Amino acid sequence: MSTNYADDDKSNSEKNKPANHSADDAPPEFVQFNKKLSWEGSFEDSLKKFADDFFKDGTSSRNDAAKRDTTTPFLARRLSTTSDFFGAMGIKAIGADLSTRDEAADNAGGESFKAAVSTIGDNDFGNGDGDGDGDGDGNGNQHLAHKSNSTEIYRVTKTAIKVDLGIKVIADESMPLMQQYERLRREQKISAFLPSSVRRRHVLDLKKFVDGRPGLWFKWERGTTLEAWLQAADQGDHEFTQTARVKIAMAVARTLSQFHANGVYCRKLSPKDIVLDREEGMCVATFIDLSEAGFLETADSNIDLNGGARKRQNDDLRLMGHTFIRIFQEGSIDNGEGIGDKQNKILDVAEAEDDQCNNSHGHRKRGKVSVPGEDLCNSSTGQDLPLYLRALISSLILSGNESTTPTYKSAQDVFIDLKKFAENTNGISQRQQQNQHVVGELAPFRVGRRLPSFYGRQVQLSMLHHFFDSVVGIHDCSPMMAMISGCAGSGKSTLVHQAKIRLKDKNGFVIQGKFDKFSRPDAVLLSAIDAFFANIRGRSLPSEVLNVMMFRIREKVGCDNAFFDAIPNLWAFLNNMNDKRNYSDETVIGEAMLTNLELGFCRLIGAISCRESPVILFLDDLHWADQATLDMIRTLMLDPSIRNFGLLGSYRDNEVDSNHALFQRLQSIREQGVNVMSIHIGPIERECVNDMISDALRMPPSLCRPLSTVVHQKAGGIILFVLRFLKSLRDEGLLCFSMTMRQWVWDLNKIKSKAVSEDVVRLTTLQMNSLSETIQVGLMSAACLGSAFDVGVLENTIDNMEFDVATFIDTCKDGGYIKEMESNTRKYMWTHDQIHQAAYELIPLLQRESFHFGLGIRLYLRTNSLKMKSHLVFFIVDNLNKGLELEITQSQKIQIAHLNLQAGNKAISSSAFHSAVNYLRTGISLLSGDSWITDYDLSIQLYDTALEACFASGQFLTFEEMVKQPLTYARCFEDKLNIYHNLVRYLTAAGRSKEALTTSLSVLDALGEKIPMDSDLNTFLEEAMHLKELLQSSKQDLLELPVMNDFSKVAIINFLDVAILSSYETNETITAILICRMMKISIEYGLCDISAVGFCMYGSMLTNPLVLDFKGACSMGILSLRAMEKLDAYKFKPRMFVFLYGAVFLFQDPMQGTTWNVTKHFLYYAFITHLLLFKASCQKLLEGYEAAFAIGDLESMAVNLHLYASVAVWGCGEKLSTAEEIMRVHAKRMIQHNHNNGLKNILPHLQQALKLMGSSEDVYVTFCGISEDDFLQRERYLSGGKTSKMIGHTTRMYSAVMRGDMVSATRVYEMGVAYHQGGIRFIGSVMREFLGGLVAFDIAKHQGDNGTESIVVAEESMSTLKIWAKQSYWNYANKLFLLEAEYWFLNGNQELALRKFNDSIAAAAKHKFKNDKGLAAQRAASFLLYNNRKQDARSYLKHVKHCYEEWGAIGLVEHIDASMSELQGN
């Protein structure tokens, strides 16, 4: 349907003017015009001319698509797209086919829409031929489309040329022709002035009509009028969505903005004057009545009728506002009054108001201003509008009014705001649903916004998404790290919360922890992981996900109950999954517990995170983290077993400098090769503040811009500051919700003059000061409870009904101060730590101590003894300790000291050792000078527990300061036992092994177990003989012995155990004696868990050259494994594996198909047919290493790894690259745990493997940042501990022998002769025995008759290898044959020597020792060269090269190639 008429009725004053002008009064211009108003040629020729102009204009400026489609008439194409558009908008397709003349008639008389759109045919116009031209050809149609009191609109259609034109003439016959001309000429002038791109009525010409009147010829616009569209909507024939209405409003605003942009105002925006169409996929609106349009600024008095341009624009905006009301309201709003008449009245009232403003010099009276259309916004239908649209429309209606209501300045802003609303289709429905509960309140943050629009953080959000995608998407990726920096309140946490949505879509998990200065930092990680498992338990995750997670946790974390005590929800999670798991009631303490926490946390993260379920650990405000937590972060990032894990941290960069612990730790992590992504967040831009305020107030952005400009200036673009400042404006009434206008309004001038605090803390404190006193008391009490609090705890702080908790909670939630942690838990947290700080600063500085102390007293008096065992004790003690500067009595101090002891024990049970030390030291400080007399029990407990916590947390200086007091003042030796136990462990860890051993022997002496420090070999033999007799006389199976109940004997066996650790570095003879005593006490007084360790130690001792009872050693080894299961001594498994697989089982042949299932926890110890025992030892030593890692036994962890490296490089013969990769991974782990002793014991093996492989890498530089020589000098290998010396000696001698450099090997051998004796036979002792024999034979060959001493040593080595080969032919036969070959070589028997060389090569090949096979062939080649058999030597060297290539020793291959080249040259 096409409707192109407009009611051009003038105002009554103009209509009533007397028509006293005649044609003679016409100006010359009009006379000339009237002469030309006769038709030139036929009416058809005129139509053709107009049609040519129409097609030319239309195809050039209205539809680009039509240019490409030349086969279809332009009107047909346009009408087709119009039909599609209105079909989508809910209106039936009309006039789609011009070829059949199926066009809709216009109904100007108020007929129904259905009648108006009925089709009409060719002969439905006029009489006769129907063309109206009187020629009788029937080719033209002309009919009256609309008539009013002032105008007539004719529609002219010529079938032959398929064109529609319109003719507008003045209906008032009394109006002189000149005046008619001037009126129509005005429209022509406006239409011609506007560019063709502006959608207005296109006037073609001004010519004489048929009856002689002037006629305005124009193109007939295709489409439907807005009035017709609204009538269809009102009748409910179709579904008209709000989205469609918004698009129509956009089209109207776009066209009006084009008018204004080209300097033209409209003044006629009635729905019947607007034609809707579709162009290039969007709705467009054409203004078809230009009768009252004019130029915004002109000197032409005949056109410039209304004053300034600003007022004319405001008039148009007000008219558009009322048009929008009609668009967005359902049902008619005319009430018998046309919208055009209503708009005229609006303009009249607006002019009256302007006059009133001018007369009062711009001052408006207070009170409600009656504005036309305001009642429509407040109608029931208007109230159903979203707040956004309601604000937009009401602001348009009030355009130009001086009030607190924000108004529009341009139609372009209206269009932009409507476009933003339309782009967010989800936001429309969301805002509608939320309208009911926003009156009088600031709207919730980020209402209805899509994810990408995150207030100026798109770049940072993209970086976070990339970080998350890397953690999730990269297969088997190492831990990744990102740090977000920015000042307080800049939105760091909000950014992460916005980004983590992405992770949920990929089955990822987020673990969150937050540090602050009010909480204990060492408990944050534990609380975070505990909250994570609490959340997991509460979520309905797929069973397969939970089962896999449970299995991985059990597999990697093990059964460490100390770790589960610190994370109860983890235990509950596993227990719910499988209640058959039994946990030990014992708790590992001290260093093992601290390490357990660190290592256990790593293993737990490694168990949760994998490709299928990646994990992001977000730690907020890391600048408050303590050193222990930062060390744990470093451990996580360097852990080689963790995959698909990301650590995301945030900190305030204005509080962290280069000397801060966080900065230094990040630098250390970077130095270890971890790439730390840095994301900086600064203040947001002004436009982003505008978006945020627009969302918060649910108002169009253009209306909020003046307010946001001021807010941005005062708040500096800090998001939290902006929000709190807005709240202060609302609280002070400078920003309020108008119930009349149903939108937010503000007083911009007062806001500009408002003084603002320098920071958000001060601003928020001032806001809180305006609250009632009872609410302020609640805020102060809650602030003293930390970053989160339980309502039940808060209730216990109330004294004499100071405040109502329920009212307090509601007020604080409404004020944005607190938020609920989880629904229905009664647990709340502060929305930001700055808000927490603001609440705390409500307490006057001089009264804070007394406030804390009083609150602590209330909590203590209202808490029963059972709850005192919970974490509530921390709230009580923390507050009491902050009031210790007050004048309190000594009895009160003693009570508080007891509470600090209780809090310290609770912290230790949670592995929060640093907090425990603080509590315990505070308790000690409260003791009086004579407390060892008056409060002895409290004193000894405080010191004992404090020393344990100091050792566990590594605070050794504090330990040394404190340990003297209890050792001096303890009343009895029993009270000193645990002090001594911790002291010995401290001395051993500090490398003071001799002092540790002396202390241990002194304690043992005091307990009645005397072991002289100068014990010699004879003492050991006596001890061994006595123990052997005791074992033989005992007719009872060792595993059937009773449980040890004697306290003193339990203390003795514990001290024997710790003494062995220090004695091994000091005196091996005493080590053997201590082992014998452990066995003796177990046999005589019963078994305890340490007895299992004693059994395997005793088995390893039986391999001593002085005993050589290999069968007994193997039997004791098997017995110890059975004892471990019976005594539930799995925590000693790592130490037992050191002795079993590093010594005992090295001297036993593989047992054919025998397997011992010795534990219900899947620990199987198997010796399978044809399985190399050395290789089996590698696997078991790695298993022992992993077990030590799980329970935090660093010493056993290091020894197992050292023994693995020794066997892998020297004894196993497996690929060097495999051993190198494993050693490199675990060297990183030693670094991450700062375990220097373990690192320095494995680096020599790794360096040796790399050199054998031909690599030039210096692993000391890689891992320590210094060269190998500097490292060795620093660690003083040649004068340090015995273990370090032996490792250095053996690696250097082995490398020299493998290269054939016997001169260097001899020099190294002579330096290490002192370590070539006695002790437990670990793999290092085996290799030193074997290599020493080879070197001794070589020395003897060069010394001749002077080599008698070397011959003796060599023959002793050969004799030892014979004994070993009898016990384990598989492992030692090839070594024995090689020594025998050297023996016959020395004695000149070439035939036997070569035979033995070949025997050694054959045995090594049969038993898969590639390294020994190559060494034997290399020694054989040297033998042949010595006897001048170069050809044979060359053949053997080729064999050597092949063996070393298989082994992966490319460095040795290169050495052999050089030897072969030299031999070839000779």
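Treat the numbers as computed from the prediction; the structure is a model and nothing was measured.

(A) Spatial organisation of the overall build of the protein chain. Assigned secondary structure in the protein chain consists of 65 helices and 24 strands. Residues classed as buried in the protein chain amount to 56% of the 1466 residues present. In the protein chain, once contacts between residues fewer than 6 apart in sequence are set aside, the share between residues at least 24 apart is 70%. For the protein chain, the accessible surface area stands at approximately 60,300 Å², while carbon and sulfur atoms represent 49% of it.

(B) Unusual backbone geometry, seen in detail. One non-glycine residue, R698, lies in the positive phi region at around 55°. Within the secondary structure layout, R698 lies in the loop between α27 (686-697) and α28 (701-715).

(C) Molecular detail of the packing of helix α46 (residues 1047-1063) against helix α47 (residues 1068-1085). Interaxial distance between α46 and α47 falls to 9 Å at its minimum, and their mutual angle equals 160°. Of the possible angle classes, the one that applies to α46 and α47 is roughly antiparallel. Like other packed secondary-structure pairs, α46 and α47 cross with a definite hand, here left-handed. Of the residues in α47, those touching α46 at K1049, I1052, I1053, L1056, D1057, A1059, I1060 and S1063 are E1068, I1070, T1071, L1074, I1075, R1077, M1078, I1081, S1082 and Y1085. Of the residues assigned to the contact of α46 with α47, the class counts are 11 nonpolar, three polar and four charged.

(D) Representation of the sheet that holds strand β13 (residues 480-485) in the model. The sheet built from five strands is open, its strands ordered β14-β15-β16-β13-β17 with parallel pairing. Looking at strand neighbours, the two that pair on one side only are β14 (509-514) and β17 (676-680), the edges of this open sheet. Taking the axes of each pair of neighbouring strands and ignoring which way they run, one obtains an average angle of 15° across the sheet.

(E) Region of interest: the sheet that holds strand β21 (residues 818-820). Reading across from one edge, β20-β22-β21 is the order of the three strands in this open sheet, with antiparallel pairing throughout. Of all strands in the sheet, those bounded by a partner on one side alone are β20 (788-790) and β21. Within the sheet, the average angular offset between the axes of one strand and its neighbour, ignoring direction, is 30°. Relative to strand β22 (residues 827-830), β21 runs antiparallel, the two being bridged by three bridges.

(F) Local environment of the packing of helix α32 (residues 773-783) against helix α34 (residues 805-814). It is at 10 Å that the axes of α32 and α34 come closest, and there the two elements cross at 85°. In this view, α32 runs roughly perpendicular relative to α34, as classed from their interaxial angle. For the pair formed by α32 and α34, the contact residues are I775, G778, L779 and A782 on the first element and T807, F808, T811 and C812 on the second. Class assignment for the residues of the contact of α32 with α34 results in five nonpolar, three polar and no charged.

(G) Molecular detail of the nonpolar core. Counting 371 residues, the largest nonpolar core has M320, F324 and I553 as the members making the most contacts within it. No other element matches helix α41 (residues 936-953), which puts 11 residues into this core. Look past the residues within four positions of F324 in its chain and what remains in contact with it is A249, V252, A253, L392, I393, L396, V414 and L418. Counting 17 residues, the second largest nonpolar core, distinct from the first, contains L461, F468, V496 and I679.

(H) Structural view of the environment of V722. Within the secondary structure, V722 is located in helix α29 (residues 719-731). Taking the C-alpha atoms as reference points, V722 and M692, separated by 30 residues in sequence, lie 9.2 Å from one another. Setting aside chain neighbours within four positions, we find V722 in contact with V689, M692, V711 and A715.

(I) Molecular detail of the environment of L256. Within the secondary structure, L256 is located in helix α9 (residues 242-261). Residues L256 and D316, spaced 60 residues apart in sequence, show a C-alpha to C-alpha distance of 8.0 Å. Residues contacting L256, with those up to four places away along its chain left out, are C266, L269, F287, D316, M320 and A411.

(J) The packing of aromatic side chains, seen in detail. This structure, assessed with the given rule, holds 33 aromatic pairs. For the ring pair W932 and Y943, a centre distance of 5.4 Å and an interplane angle of 25° mean the geometry is stacked. A residue pair is termed long-range when its members are at least 10 positions apart, and W932 in helix α40 (residues 931-934) and Y943 in helix α41 qualify at 11 residues. Residue W932 shares its accessibility class with Y943, and that shared class is buried. A network of ring pairs unites the aromatic residues F509, F532, F533 and F573 as a single cluster. Positioned above the aromatic ring of F1330 is the side chain of K1375, whose terminal nitrogen or guanidinium carbon lies 5.9 Å from the ring centre.

(K) Up close: the pattern of salt bridges. Evaluated as defined, the whole model comprises 43 salt bridges. As a salt-bridge pair, D631 and R665 come within 2.5 Å of each other at their nearest N and O atoms. Note that D631 is positioned in helix α25 (residues 627-638) and R665 in helix α26 (residues 661-671), a separation of 34 residues in sequence. By relative accessible area, which is 16% here, R665 ends up buried. Across the pair K1010 and D1005 runs a salt bridge, and its minimum N-O distance is 3.8 Å. In the salt-bridge network here, residues are joined through shared partners; they are R267, E292, K311, D315 and R318.

(L) Region of interest: α46. Across its 17 residues, α46 extends 24 Å between first and last C-alpha, which sits within 8% of the 24 Å expected from 1.5 Å per residue. In terms of residue burial, α46 counts as a mostly covered element, since 12 of its 17 residues are buried. Within α46, the full set of buried residues consists of K1049, A1051, I1052, I1053, F1055, L1056, D1057, V1058, A1059, I1060, S1062 and S1063. Residues of α46 that are buried in the fold lie against α43 (973-989), α44 (993-1006), α47, α48 (1089-1101) and α50 (1133-1142).

(M) Region of the structure containing the pairing of strand β19 (residues 743-746). In β19, alternate side chains face the same way, and those of Q743 and V745 on one face and W744 and W746 on the other are all buried. Note that strand β18 (residues 735-738) and β19 share four bridges and pair antiparallel. In the strand pairing of β19, S738 is matched with Q743. What sits between β18 and β19 in their antiparallel hairpin is a turn of four residues, with R742 showing a positive phi close to 55°.

(N) Region of interest: a nonpolar patch on the surface. Judged by side-chain polarity, L1017, L1021, L1106 and V1107 come together as a nonpolar surface patch covering roughly 310 Å² of accessible area. In this structure, L1021 sits in helix α45 (residues 1017-1033).

(O) Quick look at α25. Under the 1.5 Å per step criterion, the end-to-end length of α25 is 17 Å for 12 residues, consistent within 8% with the ideal 16 Å. Burial runs high along α25: 11 of the 12 residues are buried. For α25, every residue scored as buried is listed here: A628, T629, L630, D631, M632, I633, R634, T635, L636, M637 and L638.

(P) Main features of the pairing of β14. With burial as the criterion, only one face of β14 is covered, namely that bearing F509, I511 and G513; the residues V510, Q512 and K514 on the opposite face remain uncovered. Judged from the six bridges that link them, β14 and strand β15 (residues 615-620) form a sheet pairing that is parallel. Residue pairing for β15: I511 is matched across the bridge by L617.

(Q) Spotlight on the side chain of D1412. Structurally, D1412 is set in helix α63 (residues 1410-1426). Classification of D1412 as buried rests on a relative accessible area of 4%. With residues up to four places along the chain from it excluded, the contact list for D1412 reads N1374, K1375 and A1404.

(R) Structural context of the environment of N905. Tracing the backbone through its elements, the reader meets N905 in helix α38 (residues 890-909). Taking the relative accessible area as the measure of exposure, N905 reaches 37% and is therefore partly exposed. Considered as a pair, N905 and A916 are 11 residues apart in the sequence and their alpha carbons are 6.9 Å apart.

(S) Representation of the confidence of the model for the protein chain. This prediction gives the protein chain a mean pLDDT of 77; 76% of its residues lie at or above 70. Within the protein chain, strand β2 (residues 119-120) has the poorest average pLDDT of any element, 29, and α40 the best, 94. The low-confidence segment residues 5-44, where pLDDT is below 50, has 77 contacts with residues more than four positions distant or belonging to other chains. Throughout residues 426-453 the model reports pLDDT below 50, and contacts reaching past four residues in sequence, or to other chains, amount to 64 contacts.

Parameters and conventions
Residues numbered from 1 in each chain as written. Predicted model: local features only at pLDDT ≥ 70, side-chain atom pairs only at ≥ 80, totals over all residues. Heavy atoms only, no water. Helix = DSSP H or I, 4+ residues; strand = E, 2+ residues; numbered from the N terminus. Buried < 20%, exposed > 50% of the residue type's maximum accessible area, 1.4 Å probe, protein only. Contact = heavy atoms within 4.5 Å. Areas by Shrake-Rupley, 256 points an atom, 1.4 Å probe, with all protein chains shown as cover. Axes fitted to C-alpha atoms, helices over the stretch in contact; angles between N-to-C directions. Parallel < 35°, antiparallel > 145°, perpendicular 65-115°, else oblique. Left-handed = near helix turned anticlockwise from the far one by under 90°. Nonpolar A, V, L, I, M, F, W, Y, C, P; charged D, E, K, R; others polar. Pairing = 2+ DSSP bridges. Core = buried A, V, L, I, M, F, W, Y, C linked by side-chain atoms within 4.5 Å. Phe/Tyr/Trp six-rings, centres within 6.5 Å; stacked < 30°, edge-to-face > 60°. Lys NZ or Arg CZ within 6 Å of the ring centre and 35° of its normal. Salt bridge = Lys/Arg side-chain N within 4 Å of Asp/Glu carboxyl O. Expected span 1.5 Å × (residues − 1). Patch = residues over 30% accessible without salt bridge, like charges linked within 9 Å, V, L, I, M, F, W, Y side chains within 5 Å. pLDDT = per-residue confidence, 0-100.

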